[in-house]
Amino acid sequence: MGPLEEPVSVRDSVSELITTSSYRPTGNSYIDNTPYHRPLDADRLSRIKWDQPLTEEGLLSDESLVANRLLMNIYESDALFLPSDGLSGKEKQFTEFYGRKARLHSDLVRPAVESYVFDSLGSDVQINGRWDCDALESHVLAAIDEAVNGDRPALRAIEEAADPRRAAEIMIAQMALDGLTEATAMSQNLGGAYGLEQSEVFKIFIDEFGYGVFDAKHSTLFVELCRSVGMNTEPHHYWFYYLPSWIAGNNYFYKVTKNRAQFFRYIGGMAFLEATFAPSFAAMTKTFRAVYGDQIDTRYFDEHAHIDQHHGRMAVNDLLLPLARKHGDYAIRELLRGIEDVRALGRLNDADLIGQLGWQPEVTTAETGRDGQDEPREIDARTPFETMISDHDMTVSVLDGTAELHWSATGGPLEVATGQAVRVPKGRLYGLRAGASATIAFTRSSPRADS
């Protein structure tokens, strides 16, 4: 399918959806005490051309960030969230988040937003020629071997960071997208009737949910991981610090389970990940132990390093290959598509995270009156807080007052005073906040003469 046309109703429905209190702006840099508040920037969303899908590289952009935030909210309004401290006092938030208006507009815009985000994913991968079960098996085993035996640059970047703890917590914040709701997307494929393979999916699912034992549930183990290093355990507390590619990776599994015709893509992507998770999580245990010592609770990593050895075999031998044999050419090509989509997303995740880990913002002296400087703007304590992705190398200068530059989930912001500036590289996530008031100028960096 090509991109969906953008009827007026899509733009209007997005505008209507984000007027609800669930998506209102906030002046805070974190979301506290509610799973129902997920701020969306109406101005940035209004500029998106929904009928012009993102390129694969565009999944790292600011447009990707705001579109994927919207799409995640659409998907998660189908999942049940209740506050850990009880619903009392939040009844209105609860009913509005799951209300008829929100559901109506979510259902109207979902296909267009999915198309915008994902239509170009894996476009450089050509699944041509004759593919049979033997070719599929050879391909998936080669892909698994490459992933299992490959380098782990994100973990190395944490170990080599100037502040390894802060770097590790940037990664934990990304993992919270799935870790706090693990297997929710998978649950969408438990119903229906599709034979023996349905029971194989359920076997993996019940492992994820700890066989009904809450303390063994994977998301419970993730909560204990966060708690052990002093991080917040509420869903979307770190809303503003998710990188666009990581939200896209999480959204992908909602997309391919929400859309039944993409079931085989889901199995391909899930089988590939399950077969590669065990060594990845074992490596995480080593890296995070090196950062935190005995303080950290690594049972979340350790459980995956153990159980995913079995899940990998089950997903490939008892799901992917039997489905290919039973359902033929269409299924084989879709299984391949899922594998390649997830591999592409994995490469983007690594690039995005490593880029953020490698940026250590520093204060320099501001230069005024430079070419490429935008009109200065004022921010104060009433200005809604937002994070965004810089679409070019630039310098943020404080002409008057003091501003906070936020770029990581923990560790606090960088204070930038009058006459000071910070360089923000292209592709990096950042946000600005002022306790009183500040005048900010943004200057696009000039191309280097030798570039």
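The name recorded for the protein in an unreviewed UniProt entry is Iron-containing redox enzyme family protein, from Streptosporangium oxazolinicum.

K.L.:
For the layout of surface pockets, give the residues involved together with the corresponding values.
P.N.:
Here the largest pocket defines a volume of roughly 1,500 Å³. As for the largest pocket, its lining consists of 47 residues, and the residues nearest its centre are L273, F277, V342, G346 and N349. Elements that contribute at least two residues to the lining of the largest pocket include exactly α6 (133–149), α7 (153–160), α8 (164–179), α11 (244–258), α12 (263–292) and α13 (299–357). A breakdown of the residues in the lining of the largest pocket according to their chemical character gives 25 nonpolar, 12 polar and 10 charged.

K.L.:
Explain α8 to me, and be specific about the residues and the numbers.
P.N.:
The terminal C-alpha atoms of α8, which comprises 16 residues, lie 21 Å apart, in line with the 22 Å expected from a rise of 1.5 Å per residue. Of all 16 residues in α8, 13 are buried; the element is thus mostly enclosed.

K.L.:
Provide a residue-level description of the side chain of Q356, including the pertinent values.
P.N.:
Of note, Q356 is situated in helix α13. Since its relative accessible area comes to 1%, Q356 is described here as buried. Contact partners of Q356, with chain neighbours within four places excluded, come to L243, W407, R428 and L429.

K.L.:
Which residues make up the packing of α6 against α12, and what values do they have?
P.N.:
Put simply, α6 and α12 touch, their axes get as near as 9 Å, and they point 25 degrees apart. What the angle tells us is that α6 and α12 run roughly parallel. Every pair of crossing elements has a handedness; the one defined by α6 and α12 is right-handed. Only F272, A275, T276 and P279 of α12 make contact with α6, whose side of the interface consists of A143, I144, A147 and V148. Here the residues of the contact of α6 with α12 sort into seven nonpolar, one polar and no charged.

K.L.:
Tell me about α7, and name the residues and values.
P.N.:
Taken together, the buried positions of α7 are A154, L155, A157 and I158. Buried residues in α7, looked at end-on, bunch into an arc of 155 degrees, giving them a common side. Lining the buried residues of α7 we find α8, α12 and α13.

K.L.:
Go over the pattern of salt bridges, please, and point to the residues and values.
P.N.:
Scanning the entire structure with this criterion turns up 26 salt bridges. Of the charged contacts, one joins D85 and K90 as a salt bridge, the two residues approaching to 3.2 Å between their closest N and O atoms. Here the salt bridges do not stand alone but share partners, grouping D41, R44, D62, R69 and E386 into one network.

K.L.:
With reference to specific residues and values, describe the pairing of strand β6 (residues 420–424).
P.N.:
The pairing of strand β1 (residues 363–365) with β6 spans three bridges and is classified as antiparallel. Across the sheet, T365 pairs through a bridge with Q420, a residue of β6. With four bridges connecting them, strand β4 (residues 394–406) and β6 associate as antiparallel partners. Paired with V396 across the bridge in β6 is V422.

K.L.:
Mind laying out the pairing of β4, listing which residues take part and the relevant values?
P.N.:
Pairing of β4 with strand β8 (residues 437–444), which is carried by seven bridges, proceeds in the antiparallel orientation. Directly across from S397, in β8, lies its bridge partner A441. In this structure, β4 lies alongside strand β5 (residues 414–417), joined through four bridges in antiparallel fashion. Within β5, the residue paired with A403 across the bridge is V416.

K.L.:
Kindly report on unusual backbone geometry, identifying the contributing residues and their values.
P.N.:
The backbone of N33 sits at a positive phi, close to 65 degrees, despite the residue not being glycine. Along the chain, N33 turns up in the loop between α1 (8–17) and α2 (42–46). By relative accessible area, N33 is classed as exposed at 52%. A positive phi angle, close to 50 degrees, is found at Y211, a residue other than glycine.

K.L.:
If you had to explain the nonpolar core to someone new, which residues and values would you point to?
P.N.:
With 120 residues, the main nonpolar core has W50, L70, I267 and F288 as its most contacted residues. Broken down by element, this core gets its largest block of residues, 22 residues, from α13. Counting 18 residues, the second largest nonpolar core, distinct from the first, contains I379, L405, V416 and Y430.

K.L.:
Residue-level account of the packing of aromatic side chains, with values.
P.N.:
With the rule as written, the count across this model stands at 27 aromatic pairs. Aromatic side chains Y36 and Y98 sit 6.2 Å apart centroid to centroid with 80 degrees between the ring planes, which places their arrangement in the edge-to-face category. In this pair, Y36 is assigned in the loop between α1 and α2 and Y98 in the loop between α4 (91–97) and α5 (100–118), connecting sequence segments 62 residues apart. Feature note: the residues F222, F277, F281, F288, Y292, Y300 and F301 constitute an aromatic cluster, connected by ring pairs. The cationic tip of R38 hangs over the ring face of F81; the distance from NZ or CZ to the ring centre is 5.1 Å. Over the face of the ring belonging to F209 we find K217, whose NZ or CZ atom lies 4.8 Å from the ring centre.

K.L.:
I'd love a proper account of the packing of α12 against α13, names of residues and values included.
P.N.:
Taken N-terminus to C-terminus, the directions of α12 and α13 make an angle of 155 degrees; their axes are 5 Å apart at the nearest point. Between α12 and α13, the interaxial angle falls into the category roughly antiparallel. Seen along the crossing, α12 lies across α13 with a hand that is left-handed. Its residues placed into classes, the contact of α12 with α13 shows 27 nonpolar, nine polar and eight charged.

K.L.:
Tell me about empty space enclosed by the protein, and name the residues and values.
P.N.:
Here the structure, examined in full by the defined rule, presents three cavities of 30 Å³ or more. By volume, the largest cavity is sized at about 40 Å³. Lining the largest cavity, in full, are E76, F81, A176, L177, L180, T181, P235, H236 and Y242. Here the residues of the lining of the largest cavity are counted per class, giving six nonpolar, two polar and one charged. Taken as a whole, the second largest cavity encloses approximately 40 Å³ of empty space. Lining the second largest cavity, in full, are I170, Q174, Y241, L243, Q356, W407, S408, A409 and L429.

What counts and how
- Residues numbered from 1 in each chain as written.
- Predicted model: local features only at pLDDT ≥ 70, side-chain atom pairs only at ≥ 80, totals over all residues.
- Heavy atoms only, no water.
- 1 Å grid on protein atoms, 1.4 Å probe; cavity = no way out; pocket = protein on both sides within 12 Å on 5 of 7 lines; lining within 4 Å.
- Points joined across faces, edges and corners; volume = space filled by probe spheres on them.
- Helix = DSSP H or I, 4+ residues; strand = E, 2+ residues; numbered from the N terminus.
- Nonpolar A, V, L, I, M, F, W, Y, C, P; charged D, E, K, R; others polar.
- Expected span 1.5 Å × (residues − 1).
- Buried < 20%, exposed > 50% of the residue type's maximum accessible area, 1.4 Å probe, protein only.
- Contact = heavy atoms within 4.5 Å.
- Axes fitted to C-alpha atoms, helices over the stretch in contact; angles between N-to-C directions.
- Parallel < 35°, antiparallel > 145°, perpendicular 65-115°, else oblique.
- Left-handed = near helix turned anticlockwise from the far one by under 90°.
- Arc of directions from axis to C-beta.
- Salt bridge = Lys/Arg side-chain N within 4 Å of Asp/Glu carboxyl O.
- Pairing = 2+ DSSP bridges.
- Core = buried A, V, L, I, M, F, W, Y, C linked by side-chain atoms within 4.5 Å.
- Phe/Tyr/Trp six-rings, centres within 6.5 Å; stacked < 30°, edge-to-face > 60°.
- Lys NZ or Arg CZ within 6 Å of the ring centre and 35° of its normal.

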